[in-house]
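Chain by chain, the residues run as shown.
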Amino acid sequence: MQYWTYTWNQNWEKLRHMAQNDAFDPTTPELSPSSRAIHTEAPADLGGAPLGIPLYQSQVYRFAKADQLADALAGPGAPFVYGRHGNPTVAAFEQAMADLEGGAAAWAAGSGMGAITSTVLGLLGAGDHVVAQNAIYGGTRTVLSDLAARWGLEVSYVDPTPDAVRAALRPNTRLVHLETIANPTGAVHDLKGIAAVAREAGAYTVVDNTFATPLLCRPIEHGADIVVHSATKYIGGHADVLGGVAVFADRGVLDTVWPRVAEYGSALDPFAAWLLARGLQTLGVRMRQHSANTLELATRLDRHPGVRRVHYPGLPDHPSHARATELLDGGYGGVLAFELDGGREAGRTFIEAVRLVSLSASLGDVKSLAMHPATVSHRHLTSEELAAAGIDEGLIRFSVGIEDVEDIWRDVDQALAHATGA
Ligand SMILES: *Cc1c(COP(=O)(O)O)cnc(C)c1O
């Protein structure tokens, strides 16, 4: 994280330099009290470097020279000029994410979907073709399908193996969109093989790394061009901030999309960036605890007579276990899914019977969260449609928190008894 501190200090020096360029002294007694009240200045000399990331809430910057202001409007990496283009606190978060993912540059957005939509809109045009993993985050699917229906984007959904991606390629394929760990099956795909196929075809590989975080997997190391996150989940970790980020392996790609994404208007707010940068500081200990708790619960659920099947890549008999072990560092993440005996009604009973665990649509929180797709996110689907989508009616999606694992298990165990009688 030294790189982060270093570049942060550089930004601060840049700001201080610009303030000093300006001869105006706001404390001059010629000004009336009402004007002096408006022109309060931040301290220029801090003495030591700030240990916490400062929250730089200013959205507008002033300059002494016209050329300086004009240059500052030129692109990412230019001096800060206006909040939608950049902000020091947001830049600290972006630099930290670029550093952790092993990318050259990052661009933060007000939500994960903001990062995904801006990346897709920034890179693609009408008539371009996208290959996307079939079990993809619902919001991403909605955006891609809508762009296909209304804006002339072409989209193919595939079960993403290198061969399936190769078979789906068209001359106009520009982008392959994957997720490191698929929801709710926990499938981990052959990232390296797929990225190589995409590269050969001249297409970008975009990987949604929300479930793994850069502590478990850094897709750029395996050939991805762009990594996107819902930082709302593990990066923030406390259900109190919405945010997203796109990390670029090649700075030139960000330079290409930046003039557009800066105007699309999904910039991250500095306070949200401050919370996310703070969240990052405990990401290591949280991910270790999430992974350890989830493996323990997956193992116990697997042995429970009321549970038919557990989906977690950390279990030795999961179809992706070998690949997950190869791709993921130090754990298999904090999300598992399990199928209850008793179908839809058992699922509903379970999520209404938990107490410590919250019924919630999100994931990645320090608190344990559970959701039942058949009665919540996918309740409009018939039994046949659910089966076609590969979602069991008794399937529970479980985002395991970092509470004491015995407390979580006690709650899960009593809810299982309610739901299945076992
Ligand atoms: C939540 C989520 C998103 C969307 O992120 P928001 O911050 O809610 O906009 C995208 N991808 C995955 C995998 C997610 O879990």
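Rules and cut-offs
- Residues numbered from 1 in each chain as written.
- Predicted model: local features only at pLDDT ≥ 70, side-chain atom pairs only at ≥ 80, totals over all residues.
- Heavy atoms only, no water.
- Salt bridge = Lys/Arg side-chain N within 4 Å of Asp/Glu carboxyl O.
- Helix = DSSP H or I, 4+ residues; strand = E, 2+ residues; numbered from the N terminus.
- Buried < 20%, exposed > 50% of the residue type's maximum accessible area, 1.4 Å probe, protein only.
- Polar contact = N/O pair within 3.5 Å; in protein donor to acceptor, adjacent residues only side chain to side chain.
- Contact = heavy atoms within 4.5 Å.
- Core = buried A, V, L, I, M, F, W, Y, C linked by side-chain atoms within 4.5 Å.
- Pairing = 2+ DSSP bridges.
- Near = heavy atom within 4 Å.
- Areas by Shrake-Rupley, 256 points an atom, 1.4 Å probe, with all protein chains shown as cover.

(A) Region of interest: the pattern of salt bridges. Tallied over the full model, the rule gives 16 salt bridges. Ionic pairing is found between Glu-406 and Arg-300, a salt bridge with its closest N-O pair at 2.8 Å. A residue pair is termed long-range when its members are at least 10 positions apart, and Glu-406 in helix H16 (residues 405–420) and Arg-300 in helix H12 (residues 283–303) qualify at 106 residues. With relative accessibility at 36%, the residue Glu-406 sits in the partly exposed group. Members of the salt-bridge network, linked through shared partners, are Arg-218, Glu-221 and Asp-329.

(B) The side chain of His-129, seen in detail. Among the structural elements, His-129 can be located in strand S2 (residues 129–133). One polar contact links His-129 to Ser-156, side chain to side chain, over a distance of 2.7 Å. Leave out the neighbours within four places in its chain, and His-129 touches Glu-154, Val-155, Ser-156, Ala-168, Arg-170, Asn-172, Thr-173, Arg-174 and Leu-175.

(C) Spotlight on the nonpolar core. In this structure, Phe-93, Phe-338, Phe-350 and Phe-398 are the most contacted members of the largest nonpolar core, which totals 76 residues. Broken down by element, this core gets its largest block of residues, 7 residues, from H16. Apart from residues lying up to four places away in sequence, Phe-93 is in contact with Ala-108, Ala-231, Ile-235, Gly-244, Val-245, Leu-268, Ala-273, Leu-276, Ala-277 and Leu-280. With 28 residues, the next largest nonpolar core counts Ala-109, Leu-153, Val-253 and Val-261 among its residues.

(D) Spatial organisation of the pairing of strand S6 (residues 226–230). Within S6, 5 of the 5 residues are buried, which leaves the element mostly enclosed by the surrounding structure. Residues of S6 alternate between two faces, with Ile-226, Val-228 and Ser-230 on one and Val-227 and His-229 on the opposite face, all of them buried. The sheet contact formed by strand S5 (residues 204–208) and S6 spans 3 bridges and is parallel. Among the inter-strand pairings, Asp-208 is bridged to a residue of S6, identified as Val-228. In this sheet, strand S7 (residues 244–248) lies alongside S6 in antiparallel orientation, the contact comprising 5 bridges. Directly across from Ile-226, in S7, lies its bridge partner Phe-248.

(E) Structural view of the site of the ligand. Around the ligand, a shell composed of 13 residues is seen, among which Met-113, Asp-208, Ser-230, Thr-232 and Lys-233 lie nearest. Between the ligand and Ser-230 there is a distance of 2.8 Å, counted from an oxygen atom to a side-chain nitrogen or oxygen. Between the ligand and the protein, one listed contact pairs an oxygen atom with a side-chain N or O atom of Lys-233 at 2.8 Å. Isolated, the ligand exposes 380 Å² of accessible area, and the fraction of that covered by the protein chains is 92%. Sorting elements by how many residues they give to the shell around the ligand places helix H5 (residues 112–123) first, with 3 residues.

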